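Chain by chain, the residues:
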Amino acid sequence: MTNYLIEKYYRTERLPHIWCPGCGNGIVLKAIVKAIDNLNLNQNEVCVVSGIGCSSRATGYLDFNTVHTTHGRALAFATGIKFANPKLHVVVITGDGDCAAIGGNHLIHAARRNIDITTIVFNNNIYGMTGGQYSPTTPTGDKGTTAPYGNIDPNFDLCELAKSAGATYVSRSTVYGVNMITKQVEEGIKNKGFSFIEILTTCPTYYGRKNKKGNAAEMIKQLNEITINVNAYNNLPQEKRENKIVIGELYKDIREEYTEKYDRLIKSF
Amino acid sequence: MTVEKIKLMQGNEACVEGAVAAGMRFFAGYPITPSTEIAEISAAKLPRVGGKFIQMEDEIASISAVIGASLAGKKAMTATSGPGFSLKQESIGYAVIAEIPCVIVNVQRGGPSTGMPTSPAQGDVMQARWGTHGDHSIIALYPSTVKEVYDTTIKAFNLAEKYRTPVILLMDEVIGHMREKVVLPREGEIKIYNRKKPTVSPEEYKPYKATDDMVPEMANIGEGYRYHVTGLVHDEFGNPTNNNVTAEELIKRLVNKIENNIDDIVEYEEYKMEDAEEVIVAYGSTARSVKSAIDILRDRGRKIGLFKPITIWPSPKKELELLGKNMKRILVVEMNMGQYLLEVERICRKYTEVKGYGRVNGELISPNEIVSFVEEG
Ligand SMILES: Cc1ncc(C[n+]2csc(CCOP(=O)(O)OP(=O)(O)O)c2C)c(N)n1
Ligand code: SF4
């Protein structure tokens, strides 16, 4: 199965990839490709857009229409692509810094418009590509090269942000549970509207080392320990909910999609 | 035969008329004086011709959406003014290196920063040339009448498509807001240039392989030619590379596809140059005052003319050099502190005297002022 997916959806001549041994990005990427395969989408009609960062390098390895844009702006480029040709399935791959710091405003507005783009955030709690600086999702107290004494910033809950801004599909999963990622990406792509999927992943090289989280395997295990499925979470008494990160499908809504709305306007003349 | 269409139009309106005539079907923008009418008129017009208008959350998002739309096959434009033009610079560089046709309008106002939002200025001439980082060439056009805005906007789209590059259309507050009568060309009279499509199968397609004119063939997203677009230095397939030879080849090709086609790109107007011994170089709204000044000076017996570059960048080097060789004096008049003067000096200084006159107080330069400058200077 893996070989089939690689042959069909990867630009094999571009491999090996640039990611460190133990990086979670490869796991996420495979789960995404599997989702696209499960949906049986025509590769020519899939456009994957990314920003800048380790995670955003993913587009270079994928055999779709791929656009590796500027730091933080993937959603703005993707908005132009989707609006210009609504027939395309547009998927955005972005990092936590790319999506929530420099690109935060684009996230809010893409969600508000409910434009049919599936946004997949590779959240490794750190700026990987630039060498381990703290990001908007670095937990308070954790270290980065620019937070040598511990980060004093509160960290973002990206799913809450996307939901409040107007996303119509919001979910979270981790690289511990690949099947859950695949399922969520499938649902995200199927949703006619703005879908937001946060995937907790590992950067052993910077986040792991700076915060003494152990090796890649140990980090992935920890992701399992700190997360809880949304159904189980809802059954927990209030006092046991603290410090748990909820995974699963967190929010769904039905609202008219942006490009369809505009097409109605065009047809009205 | 279709009848001639005569319309009284504002510069900003002529820009949209020209853009739609050239095939613009996508506009993304963010409001800013004195360019806002371009967005407003696009919002009204585009859906009526099956096009798309979107007001983005800022200028960075606008240029990014425009580039995305162009990749997906639409002729696309954004319009802004000084502060917004600054915000767009990073993505303009992206369009340069990834070779994505698009048009960026900058209706200049006084700067720096918020400056003088409702006053004319020509302070972004050098920013148009060098606003984005890194070595690159750029095409920037600058009309000085409402009819010229119409024609030049069409030309901007044609050059963007032909050379697969962002084209900057500079205007100033006066040109943007001035109303003049425009005789629109009849249908079929407008020459339209569309990007070259692939002539090979998807298997054989190399998205960044230069053809004879150094411009690669461009497949739109969704047409079955899957490839990678990146702002990183890349090879013929669009794949990122650190190879020094490939890097040098790419950067030089991107510059040369413009610089080596300068004769095709350059456009200018000459006024009363037949027997001129002196010349004033001016562009945009300033060129209008210069024309009046020349009429006055001619009445007083002075053999003086105007050279008005419409293509500001790449500068008309050959023509300027010839002026340097033939003129006793070259005067550059502009609403800034000598930006184009630098370029004219660079080309002409070794042949003749070059002098500049500038103004940065938010007022137009008047014909009388120019007359005094010529007579006294
Ligand atoms: C405008 C701009 N600012 C800064 C950078 C430098 N930069 C590159 S990647 C990056 C952060 C990436 O972090 P994240 O989005 O979390 O992705 P990761 O590398 O962790 O996958 C930064 C700051 C840039 N390329 N462009
Ligand atoms: S630095 Fe971190 S995020 Fe980047 S490739 Fe290495 S492990 Fe992955």
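Remember, it's a predicted structure, so these values are computed and weren't measured experimentally.

K.L.:
Before we move on, can you summarise the overall build of chain B with the specific residues and values?
P.N.:
Per the secondary structure count, chain B includes 13 helices and 15 strands. Over its C-alpha atoms chain B spans a radius of gyration of 21 Å, differing by no more than 12% from the 21 Å that the globule rule assigns to 377 residues. Reported as C-alpha extents along the three principal axes, the dimensions of chain B are approximately 70 × 45 × 45 Å. Expressed as a percentage of the 377 residues in chain B, the buried residues total 58%. Relative to all contacts within chain B whose residues are 6 or more apart in sequence, the contacts with residues 24 or more apart total 77%.

K.L.:
An account of the overall build of chain A is needed here, citing residue identities and associated values.
P.N.:
On a plain count of helices and strands, chain A comes out with eleven helices and eight strands. Its C-alpha radius of gyration of 18 Å places chain A within 12% of the 18 Å reference for a compact globule of 269 residues. Structurally, chain A occupies a C-alpha span of about 60 × 45 × 35 Å along its principal axes. Every one of the 269 residues in chain A was classed for burial, and the buried ones make up 58%. In chain A, of all internal contacts separated by at least 6 residues, the share reaching a separation of at least 24 is 67%. Just so you have it, chain A exposes about 11200 Å², and 52% of that area is on carbon and sulfur atoms.

K.L.:
Outline the sheet that holds strand β5 (residues 102-108) of chain B, listing residues and values.
P.N.:
Pairing is mixed across the open sheet formed by seven strands, whose spatial order is β3-β2-β4-β5-β7-β6-β13 (chain B). The open sheet has two edge strands, β3 (52-55) and β13 (311-313) of chain B, and neither has a second partner. Strand-to-strand twist across the sheet, computed as the mean angle between neighbouring axes with direction ignored, equals 25 degrees. The pairing of β5(B) with strand β7 (residues 166-172) of chain B spans seven bridges and is classified as parallel. Its bridge partner lying in β7(B), Val103(B) is registered against Val167(B). Lying over the sheet, helix α3 (residues 74-84) of chain A contacts β2 (24-29) and β3 of chain B, oriented at roughly 155 degrees with respect to β3(B).

K.L.:
I'd like to hear about the interface of chain A and chain B, residue by residue, with values.
P.N.:
Taken together, the 39 residues of chain A in the interface contact 38 residues of chain B. Between the two partners, chain A and chain B, sit three salt bridges. Among the salt bridges present, the one from Glu57(B) reaches Arg113(A), with a minimum N-O distance of 2.7 Å. Put simply, chain A and chain B have 14 residue pairs in polar contact (both at pLDDT 80 or more) between them. Listed by contribution, the elements that provide at least two residues to the side of chain A that touches chain B are β2 (65-68), α3, α5 (104-113) and α11 (258-267) of chain A. The element contributing the most residues to the side of chain A that touches chain B is α3(A), with seven residues.

K.L.:
Go over the nonpolar core, please, and point to the residues and values.
P.N.:
Core analysis: the largest hydrophobic core is formed by 129 residues, its most contacted members being Val49(A), Phe194(A), Phe196(A), Phe26(B), Ile38(B), Met77(B) and Val105(B). Per-element tally for this core: the top contributor is helix α6 (residues 146-163) of chain B, with nine residues. Both domains that furnish three or more residues to this core are identified here as domain 1 (5-184) and domain 2 (269-376) of chain B. For Phe196(A), the residues in contact, after removing those within four places along its chain, are Cys99(A), Leu107(A), Thr119(A), Val121(A), Leu158(A), Cys159(A), Ala162(A), Ala167(A), Tyr169(A), Val170(A) and Ser171(A). Among the nonpolar cores identified, the runner-up in size contains 33 residues, and Ile32(A), Ala58(A), Phe64(A) and Ile181(A) belong to it.

K.L.:
Run through the packing of aromatic side chains, naming residues and quoting values.
P.N.:
Tallying each qualifying case throughout the model produces 15 aromatic pairs over all chains. When the centroid spacing of 5.0 Å and the interplanar angle of 85 degrees are considered together, the rings of Phe83(A) and Tyr262(A) count as edge-to-face. Here Phe83(A) is found in helix α3, whereas its partner Tyr262(A) is found in helix α11, with 179 residues between them in sequence. Both residues of the pair, Phe83(A) and Tyr262(A), belong to the buried class. Ring geometry for Tyr205(B) against Tyr225(B): centres 5.0 Å apart, planes inclined by 80 degrees, an arrangement best described as edge-to-face. Of this pair, Tyr205(B) sits in the loop between β8 (179-184) and β9 (228-230) while Tyr225(B) sits in the loop between β8 and β9; the two residues are 20 residues apart in sequence, bridging distant segments of the chain. Taken as a pair, Tyr205(B) and Tyr225(B) share a single burial class, namely buried. Here the aromatic cluster, defined as three or more aromatic residues joined through ring pairs, consists of Phe83(A), Tyr258(A), Tyr262(A) and Phe26(B). If you follow Arg129(B) out to its NZ or CZ, it ends over the ring of Trp130(B), 3.8 Å from the centre.

K.L.:
Report on helix α12 (residues 339-348) of chain B, specifying residues and quantitative values.
P.N.:
With seven of ten residues buried, α12(B) is to be regarded as a mostly interior element. Here α12(B) has its buried residues at Gln339(B), Tyr340(B), Leu341(B), Glu343(B), Val344(B), Ile347(B) and Cys348(B).

K.L.:
An account of helix α6 (residues 158-165) of chain A is needed here, citing residue identities and associated values.
P.N.:
Residue and element names in this part refer to chain A. Residues Leu-158, Cys-159, Leu-161, Ala-162 and Ala-165 constitute the buried set of α6. Burial along α6 is one-sided: seen end-on, the buried residues are contained in an arc of 160 degrees. Packing partners of the buried residues in α6 comprise α4 (96-100), α5, β4 (117-123), β5 (169-174), β6 (195-200) and β8 (245-252). Remark: Gly-166 follows α6 within two positions and exhibits a positive phi of approximately 125 degrees.

K.L.:
Tell me about the domain arrangement of chain B, residues and numbers included.
P.N.:
Residue and element names in this part refer to chain B. Each domain of chain B was delimited in the assignment, giving domain 1 (5-184) and domain 2 (269-376). Placing the centre of domain 1 and that of domain 2 at their C-alpha centroids yields a distance of 26 Å. Counting residues at the interface gives 27 residues for domain 1, matched by 22 residues for domain 2. In terms of surface lost to domain 2, no three residues of domain 1 exceed Gln-122, Met-126 and Tyr-142, which account for 31% of the buried area on that side. For the salt bridge of Lys-308 with Glu-148, the shortest nitrogen-to-oxygen distance reads 2.7 Å. For the pair domain 1 and domain 2, the interface holds 16 residue pairs in polar contact (both at pLDDT 80 or more). Only α5 (125-130), β6 (139-141), α6 and α7 (173-177) provide two or more residues apiece to the side of domain 1 that touches domain 2. Considering every element that reaches the side of domain 1 that touches domain 2, the biggest residue donor is α5, with four residues. For the side of domain 1 that touches domain 2, the per-class residue count stands at 15 nonpolar, six polar and six charged.

K.L.:
How would you sum up the side chain of Thr153(B)? Please name residues and give values.
P.N.:
Residue and element names in this part refer to chain B. Its place among the elements puts Thr-153 in helix α6. Assessed through its relative accessible area of 0%, Thr-153 is described here as buried. Dropping the residues within four chain positions of it, Thr-153 is found in contact with Cys-15, Gly-18, Ala-19, Met-77 and Leu-169.

Cut-offs used in this document
- Residues numbered from 1 in each chain as written.
- Chains lettered and ligands numbered in written order.
- Predicted model: local features only at pLDDT ≥ 70, side-chain atom pairs only at ≥ 80, totals over all residues.
- Heavy atoms only, no water.
- Helix = DSSP H or I, 4+ residues; strand = E, 2+ residues; numbered from the N terminus.
- Rg over C-alpha atoms; globule rule 2.2 N^0.38 Å.
- Buried < 20%, exposed > 50% of the residue type's maximum accessible area, 1.4 Å probe, protein only.
- Contact = heavy atoms within 4.5 Å.
- Areas by Shrake-Rupley, 256 points an atom, 1.4 Å probe, with all protein chains shown as cover.
- Pairing = 2+ DSSP bridges.
- Axes fitted to C-alpha atoms, helices over the stretch in contact; angles between N-to-C directions.
- Salt bridge = Lys/Arg side-chain N within 4 Å of Asp/Glu carboxyl O.
- Polar contact = N/O pair within 3.5 Å; in protein donor to acceptor, adjacent residues only side chain to side chain.
- Core = buried A, V, L, I, M, F, W, Y, C linked by side-chain atoms within 4.5 Å.
- Domains from an automatic or database assignment.
- Phe/Tyr/Trp six-rings, centres within 6.5 Å; stacked < 30°, edge-to-face > 60°.
- Lys NZ or Arg CZ within 6 Å of the ring centre and 35° of its normal.
- Arc of directions from axis to C-beta.
- Buried area = accessible area lost by both parts, 1.4 Å probe.
- Nonpolar A, V, L, I, M, F, W, Y, C, P; charged D, E, K, R; others polar.

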